[in-house]
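Descriptive structure summary
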Amino acid sequence: MRRVAVVNPKHSAELPVDVRLMNTTTTLLLALLSLGLLALLLNWVTRLPAFAIEAIRVEGAINRISLSTIRTHAVPKLMGNFFTLDLTLGQQAFESVPWVRRAVLRRVWPDRLAVQLEEQRAVALWGWGDDSSSIVNHFGEVFEANLGDVEDERLPTLHGPQGSSARVLAMYREVGTLLAALGTQVERLTLSERGSWHVNLDNGAEIELGRGSDSDVLARTERFVVTVTPLIEQYKRPLQYADLRHHDGYALRLREFSTIVSPKGAVANTPKF
């Protein structure tokens, strides 16, 4: 009988290790080369003039921000086209425009940029001493802008140490509500470096609120308003000055009349001023 040899086809087709390694390396290199060429092609395509941003749509309720100001301050800082524009840098460019608090950018296919702007809302002037050169928005944030834009508005002036603008604005709102019962408005509120509060009213009167926690100062102010109102009505004289820094009462000066008042509203016989 004739013998037939049986051979495993896997063994006969098996290549040496070094050959297989070389083939795998070649395949990987070709794949990486293809990816690199594709990336270069995409980069070249995305930089074509055909993808330049042709228009910018500004959205949001804006009153103080003009389109000419945006063209001057923001547009020249936009670098790149529809694909390559860095939206973070673009956001910073628009937020550098005066009166812009926040900007949100998004691409609109195929060649437009939409910008949602939030405008600053001025609620007070801000400064230390007599230098009120900045503005406070309704969040208590200080920002720089042309003060001439608000010169026709009767904004109060807030003073305080650096970083205290939000606290001073909150106190202004609370104190202003309490003192409104006297028929006056807060024209200036100052927080000293030592933490003492001072109020200037629109009728020329001044009030020393003193130091302490905000809740203590507000409680002291509320007691003052309650007890001083009948005195003003009794003597028919407007408030000129009050010092609430006394533990057992407050010093009071009405126009052409001075006295010391206890927390219960009793008038002492000895004038204070």
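Above this note sits the structure.
Throughout what follows, the structure given in this document is the object of discussion.

Conventions and cut-offs
Within any chain, residue numbers begin from 1 and follow the written order of that chain's sequence. Since the coordinates come from a predicted model, pLDDT governs what is reported: local features require at least 70, and pairs of side-chain atoms require 80 or more to be given and counted, while whole-chain, interface and lining totals use all residues. Working from all heavy atoms in the structure, the side-chain values ignore hydrogens and water. Each helix is a run of DSSP H or I of at least 4 residues and each strand a run of E of at least 2, with the numbering of both proceeding from the N terminus. Residue exposure (1.4 Å probe, protein chains only): buried if accessible area is under 20% of the type maximum, exposed if over 50%, otherwise partly exposed. Should any heavy atoms of two residues lie within 4.5 Å, those residues are counted as being in contact. Helix axes are fitted only over the stretch in contact, all axes being lines through C-alpha atoms; the angle between N-to-C directions runs from 0 to 180 degrees. Oblique is the label for every angle not falling under 35 degrees (roughly parallel), over 145 degrees (roughly antiparallel), or within 65 to 115 degrees (roughly perpendicular). Handedness of a crossing is defined here by the sense of rotation of the near helix relative to the far one, left-handed for an anticlockwise turn of less than a right angle and right-handed for a clockwise turn. In the scheme used here, Gly and all other residues not listed as nonpolar or charged are polar, with Ala, Val, Leu, Ile, Met, Phe, Trp, Tyr, Cys and Pro taken as nonpolar and Asp, Glu, Lys and Arg as charged. Each reported salt bridge corresponds to a side-chain nitrogen of Lys or Arg within 4 Å of a carboxyl oxygen of Asp or Glu. At least two bridges found by DSSP between two strands is the condition for calling them paired.

Turning our attention to the overall build of the protein. When helices and strands are counted, the protein shows six helices and 13 strands. Classification of the 273 residues of the protein by burial places 33% in the buried group. Across the protein, the fraction of contacts at a sequence separation of at least 24, relative to all contacts at a separation of at least 6, is 46%.

Helix packing for two helices is described by the angle between their axes and how far apart those axes are. For the pair helix α5 (residues 165-179) and helix α6 (residues 214-235), interaxial distance at closest approach is 10 Å and the crossing angle is 20°. One element, α5, and the other, α6, form an angle in the roughly parallel class. Handedness of the crossing formed by α5 with α6: right-handed. Touching R167, M171, E174, V175, L178 and L179 of α5 are D214, V217, L218, T221, E222 and V225, all from α6. A per-class count over the contact of α5 with α6 returns seven nonpolar, one polar and four charged.

This part covers the pattern of salt bridges. According to the stated counting rule, one finds seven salt bridges in the structure shown. Residue E59 is joined to R106 by a salt bridge in which the shortest nitrogen-to-oxygen separation is 3.4 Å. Of the two residues, E59 is situated in strand β1 (residues 55-59) and R106 in strand β2 (residues 100-108); the sequence distance between them amounts to 47 residues. Across the salt bridge formed by E141 and R101, the nearest N and O atoms sit 2.9 Å from each other. In this pair, E141 sits in the loop between β5 (131-137) and β6 (142-143) while R101 sits in strand β2, placing the two residues 40 residues apart along the sequence. Note on E141: relative accessible area 33%, which makes it partly exposed. The class of R101 is partly exposed, set by a relative accessible area of 24%. In the salt-bridge network here, residues are joined through shared partners; they are R57, E59 and R106.

A few words now on the sheet that holds β1. With mixed pairing, three strands are arranged side by side in an open sheet as β1-β3-β2. Pairing within the sheet leaves two strands with one partner each, and these edge strands are β1 and β2. Along the sheet, successive strands turn relative to each other by an average axial angle of 25°, direction set aside. Relative to strand β3 (residues 112-119), β2 is paired through eight bridges, and the arrangement is antiparallel. The partner of R107 across the bridge, within β3, is L113. The sheet strands contacting helix α4 (residues 87-95) are β1, β2 and β3, and the helix crosses β2 at an angle near 140°.

Of all residues except glycine, most have a negative phi; of all peptide bonds, most are trans. Note that the residue after W109, namely P110, is joined by a cis bond; omega there is 5°. Although it is not a glycine, W99 adopts a positive phi angle of roughly 80°. The residue W99 is located in the loop between α4 and β2 in this model. A positive phi angle, close to 55°, is found at K236, a residue other than glycine. As for its placement among the helices and strands, K236 is situated in the loop between α6 and β11 (239-243). Residue K236 is classed as exposed on the basis of its relative accessible area of 71%.

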